[in-house]
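# What the coordinates show
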Amino acid sequence: MDYRKQAHAVYYTRYHIVISTKYRRKIFRGGVGDYLKRIIYDVSKVHPDVEIIEVNTDLDHVHFLVSIPPKYSVGELVGKIKANTGRKMRAKFTYLDRVYWGTEGIWSIGYFVSTVGINDRVIREYIEKQSQEDSGQAKLVF
């Protein structure tokens, strides 16, 4: 298990996030999807505590697996990613101005998010044996 640390927190927070294009336009063909993947991975350069683990696109949406520290909300990070990727995509691929005329962004309003973590069995076992763990009687292995 890859636990991460901040000044006052140790965490393992992973999220599966899906963002769809506005009007479900199929814009991620060829190099467009590859460029999007690259700029999503670049988020870690600006926010080194955010780990982009995996990114993949379909024609009208992007999936990514990310570790977000507790100091950020999921919505805050998704908003930053949508704003920055949309701006960079429109600057590089000017045809998007014709696809999305009269509007600023390329992304739909919402997003999907799901947590990815330790399975229920491990957590239940940890909670059940917590008093033994605290007294040195049991050693849990994740």
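## A word on the packing of aromatic side chains
Throughout the structure, instances matching the rule amount to five aromatic pairs. Ring geometry for Y23 and Y100: centres 6.1 Å apart, planes at 25°, overall stacked. Here Y23 is found in the loop between β3 (14-20) and α1 (31-41), whereas its partner Y100 is found in the loop between α4 (96-99) and β6 (112-116), with 77 residues between them in sequence. In this structure Y23 comes out as exposed when scored by relative accessible area, which is 55%. On the basis of an interplanar angle of 80° and a centroid distance of 5.7 Å, the ring pair of Y35 and F93 is categorised as edge-to-face. Linking Y35 in helix α1 with F93 in the loop between α3 (74-92) and α4, this pair joins segments that are 58 residues apart in sequence. A connected cluster of aromatic rings, assembled from ring pairs, spans Y35, F93 and Y95.

## Section: the layout of surface pockets
Here the largest pocket is characterised by a volume of approximately 180 Å³. Surrounding the largest pocket, I39, D42, V43, K45, V46, H47, L77, K80, I81, N84, T85 and K88 form its lining. Looking at the lining of the largest pocket, the elements that each hand over two or more residues are α2 (43-46) and α3. The leading source of residues in the lining of the largest pocket is α3, at six residues. In terms of residue class, the lining of the largest pocket is built from five nonpolar, three polar and four charged.

Quick notes on the rules
Starting from 1, residues in each chain are numbered consecutively following that chain's sequence as written. Given that this is a predicted model, residues contribute local features only at a pLDDT of at least 70 and side-chain atom pairs are listed and counted only at 80 or more, while totals for whole chains, interfaces and linings are drawn from all residues. To get the side-chain values, all heavy atoms of the structure are used, and hydrogens and water are removed first. For Phe, Tyr and Trp, rings pair up if their centres lie within 6.5 Å, where Trp contributes its six-membered ring, and each pair is then called stacked (planes under 30 degrees apart), edge-to-face (over 60) or tilted (otherwise). Secondary structure counts use DSSP, requiring at least four H or I residues in a row for a helix and at least two E residues in a row for a strand, with both numbered from the N terminus. Partly exposed describes any residue whose relative accessible area lies between the buried limit of under 20% and the exposed limit of over 50%, with all areas from a 1.4 Å probe on protein chains only and scaled to the type maximum. A pocket here means an open set of points on a 1 Å grid, computed over the protein atoms alone, that has protein on both sides within 12 Å along at least five of seven lines. A cavity is instead a set of points where a 1.4 Å probe fits but cannot get out; residues with an atom within 4 Å of a point line either one. Grid points are joined across faces, edges and corners, and a volume is the space filled by probe spheres set on the points. For this scheme, ten residues count as nonpolar: Ala, Val, Leu, Ile, Met, Phe, Trp, Tyr, Cys and Pro. Four count as charged, namely Asp, Glu, Lys and Arg, and the remainder, Gly too, count as polar.

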